[in-house]
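# A look at the structure
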Amino acid sequence: MKKISVMIPCYNEEENVIPMSEAVVEQLEKYLPGYDYEILFIDNDSKDSTREKLISICEANKKIKAIFNVKNFGQFNSPYYGMCQTTGDCVISMCCDFQDPVDLIPKLVHEWENGYKIVTAIKTSSKENPFVRFLRTCYYKAIKKMSDVEQIEHFTGTGLYDRDFIDILRNLDDPTPFLRGIVAELGYKRKEVEYEQQKRRAGKTSNNWYRLYDAAMLSFTSYTKIGMRLATIMGFFVSMASILIALIYLIIKLTHWDSFPTGNAPILIGVFILGGIQLLFIGLLGEYIMSINARVMKRPLVIEERRINFDTPEEAENKKDDYSDNHSRA
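So, here's what we can say about the structure. (Residues numbered from 1 in each chain as written. Predicted model: local features only at pLDDT ≥ 70, side-chain atom pairs only at ≥ 80, totals over all residues. Heavy atoms only, no water.)

## Regarding the packing of aromatic side chains
- Counted under the stated rule, the structure contains 2 aromatic pairs.
- One Lys or Arg, arginine 307, reaches over the ring of phenylalanine 310 and ends 4.3 Å from the middle of that ring. (Phe/Tyr/Trp six-rings, centres within 6.5 Å; stacked < 30°, edge-to-face > 60°. Lys NZ or Arg CZ within 6 Å of the ring centre and 35° of its normal.)

## Thoughts on the packing of helix 1 (residues 17-31) against helix 2 (residues 50-60)
- Viewed as axis vectors pointing N to C, helix 1 and helix 2 meet at an angle of 35°, and their least axial separation amounts to 9 Å. Note on element contacts: helix 2 touches helix 1 through Thr50, Lys53, Leu54 and Ile57, opposite Val17, Ile18 and Ser21.
- Classifying every residue of the contact of helix 1 with helix 2 gives 4 nonpolar, 2 polar and 1 charged. (Axes fitted to C-alpha atoms, helices over the stretch in contact; angles between N-to-C directions. Helix = DSSP H or I, 4+ residues; strand = E, 2+ residues; numbered from the N terminus. Contact = heavy atoms within 4.5 Å. Nonpolar A, V, L, I, M, F, W, Y, C, P; charged D, E, K, R; others polar.)

## Here's the deal with the sheet that holds strand 4 (residues 90-93)
- In space, the 8 strands of this open sheet follow the order 7-5-6-4-1-2-3-8, with mixed pairing throughout. The two strands at the open ends of the sheet, each matched to only one other strand, are strand 7 (190-197) and strand 8 (304-308). Neighbouring strand axes in the sheet, compared pairwise and without regard to direction, differ in orientation by 20° on average.
- Along the sheet, helix 2 contacts strand 1 (3-10), strand 2 (36-43), strand 3 (64-69) and strand 8; its crossing angle with strand 3, the most-contacted strand, is approximately 150°.
- Each of strand 5 (118-126), strand 6 (155-162) and strand 7 touches helix 7 (residues 179-186); the most contacted strand, strand 6, lies at about 55° to it. (Pairing = 2+ DSSP bridges.)

Pasting the structure below:
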C-alpha cells in the first residue's frame, strides 16, 4: 500500500491546527481510502497554545506526527526540513491557515498517479488584498525575466513531491534552501494544478513586508546575475559620462573663461547622483554577500526540541542522524 505524507508547517496557529488536522484526515480517509498516510506538523517555535493542541492531536491519532523546533528558523528552512523528515511515497506540502484548500489533496494525488513526480499548485486567483496580489504578480514577472533559471509564477511551494525528488532535497547541501527555485531548477517534469487562494480561516498571518522582502531577495540573489551585471554596466556608462562631462566642462572653461559661470552647484549635483548610485549597488552587493555568508557557514536547517509519534525514540533518532549525515556529506 502506498503511503501519502502531508507536511504542514505552523507558527502561532492555535485556532487552525485542530480543524486543519480534521480536514486533512477527512480528505485522506474519504477520497483516498486505498492509501496509508501520515500527517506531519512542524512547529516553528509558536508562542501561543499551538504546541499544546498538537500534543493532544498526536495523542488521539498516532498517524499524526509533530516536530517542535527550539526556535524560529524562518519561513523556508522549517518546511524544507519537515519535508525531508517524512516517510511516504509522496509528500504534500500545504499551509496551516486554510489558504491552500484541503480539497487539493485528491487532485494532487491523481496527477501523481498519472506519472508526474512533481505536481505544483498554482494560484490563478486570490481572495487576499488586491494590492498585495498586484505586487506579487509584478515580482513574479520581474524575477522570471531576470533569472537564468525558469521561475514558476504564483507558486508558493504548495504541491506534491515524489519520494525521488525528496531524496534530491535531502542530499542538497544548502542551509538557505529556496524550494520554489529548486523545484524549477532541479525538479522533474511537473504538472500544474490551478486553485483560488482563500482567506485565512482564523488568526493573523506572520508575514509582513520584511518577510516578503526577505523572500524576494533570497530568490533574487540565488537565481539572478542581473544585479551585479547592472552595477557593472551602469558603472561603466556613468564613468564614461563623467569623463565626457569633465572634458566638456574643461574645454568650455578654458575657451570662455570670463563668461563661464562660477559656483559648486554642478559638482554637488554630480556628487549626490553618483553617491546615490553607489549606495544602491553597495546595498545590492551586500545582499549577495549575506546570501554567500549564510551558505558557507554550514549551519543546520533547524534544531529540534522534540518529536512526537516517530516510532521508537531510537528509530526517531536514527532518522535524524541519517538526514544529518546525508546533509553534511552533500
